[in-house]
Amino acid sequence: MTAKVTLSFSDETIADARRFAKREGLSLSAWMDQAAREKALREVFAAHAAAVSRAGLDLESSALADAQEVGMVDDLLFGGRPRAA
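Since the structure is predicted, the reported quantities are computational estimates derived from the model, not experimental observations.

### Section: the pattern of salt bridges
One pass over the structure, following the stated rule, counts three salt bridges. Across the salt bridge formed by Asp 16 and Arg 19, the nearest N and O atoms sit 3.1 Å from each other. A residue pair is termed a helical-turn pair when its members lie 3 or 4 positions apart in one helix, as Asp 16 and Arg 19 do in helix α1 (residues 11–23) at three residues. Given a relative accessible area of 48%, Arg 19 falls into the partly exposed group.

Dropping the structure here:
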């Protein structure tokens with residue numbers, strides 16, 4: 001479902017938006033919808049990252065440790081040979 005709304009932008013902003021939309025082969029409306037959605041998602045992800053940081057969690061280190069452990073298990077099980085897909 002889409003909603004039709006009236007928005008006001010500076011001349012510079014709308015000129016840039018039109019140029020970017022044309023470059024990406026999108027209508028101005030589609031480009032603006034995508035830009036607004038991306039901005040909203042960045043806000044959500046930034047808030048999540050800040051919450052994780054405040055909680056003292058180090059997810060990157062945990063993920064790297066998990067990847068290293070998987071590699072060690074693969075080496076033990078497959079002796080450095082690639083796994084069958």
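### Examining helix α3 (residues 59–78)
Between its first and last C-alpha, α3 extends 28 Å over 20 residues, near the 28 Å set by a 1.5 Å rise per residue. Phi for Gly 79, located one or two positions after α3, is positive at around 55°.

### Focus on α1
Taking 1.5 Å per residue as the helical rise, α1 with its 13 residues ought to reach 18 Å, and the 18 Å between its terminal C-alpha atoms agrees with that figure. Turning to α1, its buried residues are Ile 14, Ala 17 and Ala 21. All buried residues of α1 project into a common sector of 60° when viewed along the axis, lining one side. Exposed residues pointing more than 90 degrees away from the buried face of α1 are listed as Asp 11, Glu 12, Lys 22 and Arg 23. Buried-residue contacts for α1 involve α2 (28–54). Looking one or two places after α1, you find Gly 25, whose phi comes out positive at around 70°.

About the thresholds
- Residues numbered from 1 in each chain as written.
- Predicted model: local features only at pLDDT ≥ 70, side-chain atom pairs only at ≥ 80, totals over all residues.
- Heavy atoms only, no water.
- Salt bridge = Lys/Arg side-chain N within 4 Å of Asp/Glu carboxyl O.
- Helix = DSSP H or I, 4+ residues; strand = E, 2+ residues; numbered from the N terminus.
- Buried < 20%, exposed > 50% of the residue type's maximum accessible area, 1.4 Å probe, protein only.
- Expected span 1.5 Å × (residues − 1).
- Arc of directions from axis to C-beta.
- Contact = heavy atoms within 4.5 Å.

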